[in-house]
Amino acid sequence: MKIVVIGGTGLIGSKLVAQLRARGHEALAASPNTGVNTLTGEGLADALKGAQVVVDVANSPSFEDKAVLDFFETSGRNLLAAEARAGVQHHVALSVVGTERLLGSGYFRAKFAQEQLIEASPVPYTIVRATQFFEFLGAIAQSGADADTVRLSPAMVQPMASDDVAAAVADFALGPAVNGMVEIAGPERVSLAALVQRYLRDTGDTRTVVPDARAPYYGVELNDEPLTPADHPRLGTIDYARWMAMPRPAPRK
Ligand SMILES: NC(=O)c1ccc[n+]([C@@H]2O[C@H](COP(=O)([O-])OP(=O)(O)OC[C@H]3O[C@@H](n4cnc5c(N)ncnc54)[C@H](OP(=O)(O)O)[C@@H]3O)[C@@H](O)[C@H]2O)c1
């Protein structure tokens, strides 16, 4: 089966393409680096020729409020229209657990707009909402950093490894369209502030995390609900300790 992975050169996309190929499918990595741009439409019609499934794991190069909204709205419209023309039978997109509870953040407003475009489109779909990736912990630390301290919410999170995300998205891409949302999460529920402190220690970073219930997460104050999944998410198997022991590129700061 031909499966086009939009954002197929990114963190999740590259792992997803490898997993789909290993399972015997023709997976095309589509991104500006391979000549496919969902913002301008360049290369899109050609890439979708003969595709049965499209998986969208692209991300905006800028997280600035207007830029990120423009990215997900314009890309979403272009992509879904091209899929309808090409007769694609299943659109799979990666979103974030709790998106509708985090609309104080420009990034989550943009992800919400992406989800709404998908729901309104005639193309059968599955929206896979994932929790935070362990690979994103360095960026989360940076978002609360001020000199030697990092101020972060102690709210509970259930983060997951990108390998588990890619495996779950591959399974949903190869299954029938749900025409709804599914949630995926990591195996452990932990405090965000405590986890980031552990991550900093494990990566030789001497900064101290100060737990602060009022510290915003990408512009939104958290309580115990927003970043964790509802009942019965699909759970990954890789916990923090196992992820930290895995060989991987240097952590992002
Ligand atoms: N970070 C988290 O914790 C988290 C949690 C849940 C869900 N998510 C979602 O997971 C998704 C994937 O994230 P990621 O970290 O894997 O992303 P990433 O590593 O930043 O990769 C982004 C991908 O998007 C592609 N892209 C950028 N502009 C494009 C355009 N105009 N047209 C087509 N492709 C374009 C990039 O292509 P080039 O390489 O060619 O630039 C790259 O392949 C995002 O939608 C994000 O919202 C993230």
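Residues numbered from 1 in each chain as written. Predicted model: local features only at pLDDT ≥ 70, side-chain atom pairs only at ≥ 80, totals over all residues. Heavy atoms only, no water.

Student: What am I meant to see in the packing of helix α3 (residues 65-86) against helix α4 (residues 106-120) here?
Tutor: Working note: a packed helix pair is described by the angle between its axes plus the distance between those axes. Where α3 contacts α4, the two axes come as close as 8 Å, and the packing angle between them is 15 degrees. It follows that α3 is roughly parallel to α4 by the angle criterion. Note that α3 runs across α4; the crossing there is right-handed. Of α4, the residues touching α3 (which contributes Asp 65, Val 68, Leu 69, Phe 72, Glu 73, Gly 76, Arg 77 and Leu 80) are Gly 106, Tyr 107, Arg 109, Ala 110, Lys 111, Ala 113, Gln 114, Leu 117 and Ile 118. Looking at the contact of α3 with α4, its residues break down into nine nonpolar, three polar and five charged. (Axes fitted to C-alpha atoms, helices over the stretch in contact; angles between N-to-C directions. Helix = DSSP H or I, 4+ residues; strand = E, 2+ residues; numbered from the N terminus. Parallel < 35°, antiparallel > 145°, perpendicular 65-115°, else oblique. Left-handed = near helix turned anticlockwise from the far one by under 90°. Contact = heavy atoms within 4.5 Å. Nonpolar A, V, L, I, M, F, W, Y, C, P; charged D, E, K, R; others polar.)

Student: What is the right way to look at the nonpolar core in this model?
Tutor: Nonpolar side chains in soluble globular proteins tend to be buried together. One finds Ile 6, Leu 137, Val 196, Tyr 240 and Trp 243 to be the most contacted residues of the largest nonpolar core, which totals 45 residues. Elements with a minimum of two residues in this core: β1 (2-6), α2 (44-48), α3, α4, α5 (137-143), β7 (149-152), α7 (192-202) and α8 (240-245). The leading source of residues in this core is α7, at six residues. Setting aside anything within four residues of it in sequence, one finds Trp 243 in contact with Phe 134, Glu 135, Ala 161, Tyr 199, Ile 238 and Arg 248. (Core = buried A, V, L, I, M, F, W, Y, C linked by side-chain atoms within 4.5 Å. Buried < 20%, exposed > 50% of the residue type's maximum accessible area, 1.4 Å probe, protein only.)

Student: Is there a simple way to explain the packing of helix α1 (residues 11-22) against helix α6 (residues 162-174) in this structure?
Tutor: Where α1 contacts α6, the two axes come as close as 9 Å, and the packing angle between them is 55 degrees. Put simply, α1 runs oblique to α6. In this structure, the crossing between α1 and α6 has a hand that is right-handed. On α6, the residues that touch Leu 11, Ile 12, Lys 15, Leu 16, Gln 19 and Leu 20 of α1 are Ser 162, Asp 163, Val 165, Ala 166, Ala 167, Val 169, Ala 170 and Leu 174. Grouping the constituent residues of the contact of α1 with α6 by class yields ten nonpolar, two polar and two charged.

Student: In this structure, what is going on with α7? I would like to understand it.
Tutor: Because an α-helix packs 3.6 residues into every turn, residues spaced three or four apart end up facing the same way. Of the positions making up α7, those classed as buried are Leu 192, Ala 193, Leu 195, Val 196, Tyr 199 and Leu 200. Seen end-on, α7 carries its buried residues on one side only, within an arc spanning 165 degrees. The opening residue of α7, the one whose side-chain oxygen lies 3.4 Å from the backbone nitrogen of Ala 193, is Ser 191. Positive backbone phi, approximately 75 degrees, marks Gly 204, located one or two places after α7. (Arc of directions from axis to C-beta. Polar contact = N/O pair within 3.5 Å; in protein donor to acceptor, adjacent residues only side chain to side chain.)

Student: Help me understand the layout of surface pockets in this model?
Tutor: Rolled over the atoms, a probe with the dimensions of a water molecule shows which regions are left empty. Here the largest pocket is characterised by a volume of approximately 830 Å³. As for the largest pocket, its lining consists of 37 residues, of which Val 57, Ala 58, Asn 59, Tyr 107 and Phe 133 are closest to the centre. Of all the elements in the fold, those that place two or more residues in the lining of the largest pocket are α1, β4 (90-96) and α4. Tallied by class, the residues present in the lining of the largest pocket amount to 21 nonpolar, twelve polar and four charged. (1 Å grid on protein atoms, 1.4 Å probe; cavity = no way out; pocket = protein on both sides within 12 Å on 5 of 7 lines; lining within 4 Å. Points joined across faces, edges and corners; volume = space filled by probe spheres on them.)

Student: What am I meant to see in the pattern of salt bridges here?
Tutor: Any two side chains of opposite charge can pair, given that their charged atoms come close. All told, the structure shown has eleven salt bridges when counted by the stated rule. With a closest N to O distance of 3.4 Å, Lys 15 and Asp 163 form a salt bridge. You can see Lys 15 sitting in helix α1 and its partner Asp 163 sitting in helix α6, a full 148 residues away along the chain. Overall, the relative accessible area of 24% leaves Lys 15 in the partly exposed class. Two residues, Arg 109 and Asp 65, come together in a salt bridge whose shortest N-O distance is 3.4 Å. Of this pair, Arg 109 sits in helix α4 while Asp 65 is found in helix α3, placing the two residues 44 residues apart along the sequence. One network of salt bridges, with partners in common, ties together Glu 100, Arg 101, Glu 115 and Arg 129. (Salt bridge = Lys/Arg side-chain N within 4 Å of Asp/Glu carboxyl O.)

Student: Explanation requested: α3 in the structure shown.
Tutor: Spanning 22 residues, α3 covers 32 Å between terminal C-alpha atoms, matching the ideal 32 Å at 1.5 Å per step. Its buried side turned inward, α3 meets β1, α2, β3 (53-56), β4 and α4. Note on α3: the residue one or two positions beyond its end, Gly 87, has a positive phi of about 75 degrees. (Expected span 1.5 Å × (residues − 1).)

Student: Quick question: what am I supposed to make of the packing of aromatic side chains here?
Tutor: Any aromatic ring pair is given by two values, namely how distant the centres are and how the planes are angled relative to each other. Under the criterion given, the structure shown has ten aromatic pairs. Here the aromatic rings of Phe 63 and Tyr 107 are separated by 4.6 Å at their centres, their planes lie at 35 degrees, and the arrangement is tilted. Here Phe 63, found in the loop between β3 and α3, pairs with Tyr 107, found in helix α4; they are 44 residues apart in sequence, far enough to count as distant. Using a relative accessible area of 13% as the deciding quantity, one classes Tyr 107 as buried. (Phe/Tyr/Trp six-rings, centres within 6.5 Å; stacked < 30°, edge-to-face > 60°.)

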